[in-house]
Structures are given as structure tokens and as C-alpha cells.
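Topology and contacts: notes
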Amino acid sequence: MSDCLFCKIAAGEIPADKVYEDDQVVVFKDIAPKAEVHLLMIPRQHIASLNELSVEHDVLTSHMMRLLPRLAREQGLEQGFRTIINTGEGGGQEVFHLHLHLMGGDNLPGFN
Ligand code: 5GP
Ligand code: ZN
């Protein structure tokens, strides 16, 4: 996906404030944070949204889920955190490369 913003961030072609990366995922700070801590976790592989997930992605998705509490702890979110995945235009998705929002700390927004 040569035209995908998050593929370019994963490849290092567009700068981002990365806090974690491994062979499967990259985690970086949201450019317009909605809470004190607001990270985005993306797979290196281009997957447009939850709609495109299949059984072949099970190892990847499990890895992403299990990384969340570890990253939250590293960000000092001992009291808990919020995870959001927007899917499709109706779900408020703006960037069509799967990403998990990890948010916490002061100013944690509600669902409205
Ligand atoms: P969505 O609405 O698709 O779930 O969330 C997209 C998120 O990506 C938004 O929170 C937005 O602030 C963030 N974002 C958009 N462009 C960039 C960028 O170039 N760099 C970073 N770090 N975040 C971005
Ligand atoms: Zn992509």
C-alpha cells in the first residue's frame, strides 16, 4: 500500500514519535492526542480495518492485545487505560490501516 500514511510511518518514511516496535507492530504517539497518553498501535502489515481480519491474522492480533497492558504500564497508566478501534466511516475511522488507540491519564474522553 504505497499510498498509506501508516505504512509510511511503519517503514520510517514519515516521522513519528515511536515508543515501541518489533517485527510485527509499531507503536507511536497520536499527532493530536485526545488524552494525556494517546498512542496508536499498528501492524507492520497493511490491513485496512477489522473488516479485513481473518484467521491468518490470529497470531498478530493476539500479540497486539497482549502488548496493550505492557505498554500502558510503561506509560505509567497503573490505574487502567482505554482501547478504541474505529472501523469504517460509520465508526469514525479516518486512516484505513488498522490501528488501536491506547489512551489514559488526564482528560480521558468518553464515547460522545
Ligand atoms: P481514526 O479516526 O482513524 O481511528 O484515528 C486516526 C488517528 O490518527 C487520529 O487520532 C489522528 O490524530 C491520528 N493521525 C493522523 N495522522 C497522523 C500522523 O501523521 N501522525 C500521527 N502520529 N498520528 C496521526
Ligand atoms: Zn497501510
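Worth saying up front: this structure is predicted, and the values here are computed from it rather than measured. (Residues numbered from 1 in each chain as written. Chains lettered and ligands numbered in written order. Predicted model: local features only at pLDDT ≥ 70, side-chain atom pairs only at ≥ 80, totals over all residues. Heavy atoms only, no water.)

1. Quick notes on the sheet that holds strand 3 (residues 37-43)
Strand pairing within a sheet occurs via backbone hydrogen bonds; the two strands may be parallel or antiparallel. Selection criterion: Only when DSSP finds a minimum of two bridges between them are two strands counted as paired. In DSSP terms, a helix is any run of H or I states spanning at least four residues, a strand is any run of E spanning at least two, and both are numbered starting from the N terminus. A fitted line through C-alpha atoms serves as each axis, taken over the contacting stretch for helices, and the angle formed by two N-to-C directions is quoted from 0 to 180°. Residues are treated as being in contact if the distance between any of their heavy atoms lies within 4.5 Å.
Strand order in the open sheet formed by 5 strands is 1-2-3-5-4, and the pairing between neighbours is antiparallel. Either end of the sheet is taken by a strand with one partner, and the two such strands are strand 1 (18-21) and strand 4 (82-84). Each neighbouring strand pair of the sheet contributes to a mean axis angle of 20°, computed without reference to strand direction. Note: strand 3 against strand 5 (residues 100-104), 5 bridges, orientation antiparallel. For Val 37, the partnering residue across the bridge sits in strand 5 and is Gly 104. The sheet contacts of helix 2 (residues 58-74) involve strand 1, strand 2 (25-29), strand 3, strand 4 and strand 5, and relative to strand 3 the element is tilted by about 160°.

2. Structural notes on the site of ligand 1
Going by this rule: Nearness is judged by heavy atoms alone; a residue qualifies as near a molecule or strand once a single heavy atom is within 4 Å of it. Residues adjacent in sequence count toward polar contacts only when both atoms are side-chain atoms; beyond that, a polar contact is any pair of N or O atoms within 3.5 Å, and within protein one must be able to donate a hydrogen and the other to accept it. Per-residue accessibility takes into account occlusion by the displayed protein chains alone, with areas from the Shrake-Rupley method and a 1.4 Å probe. Gly falls in the polar group here, along with every residue not listed as nonpolar (Ala, Val, Leu, Ile, Met, Phe, Trp, Tyr, Cys, Pro) or charged (Asp, Glu, Lys, Arg).
Not every one of the 17 residues close to ligand 1 is listed here, only the nearest: Asp 30, Asn 86, Glu 94, His 99 and His 101. One of the side-chain nitrogen or oxygen atoms of Asp 30 is found 2.5 Å away from an oxygen atom of ligand 1. Alone, ligand 1 offers 530 Å² of accessible surface; in the complex the protein occludes 85% of this. Secondary-structure elements contributing two or more residues to the shell around ligand 1 are helix 1 (5-10) and strand 2. Examining the composition of the shell around ligand 1, we find that 3 residues originate from one element, helix 1, more than from any other. Class assignment of the residues belonging to the shell around ligand 1 gives a composition of 8 nonpolar, 5 polar and 4 charged.

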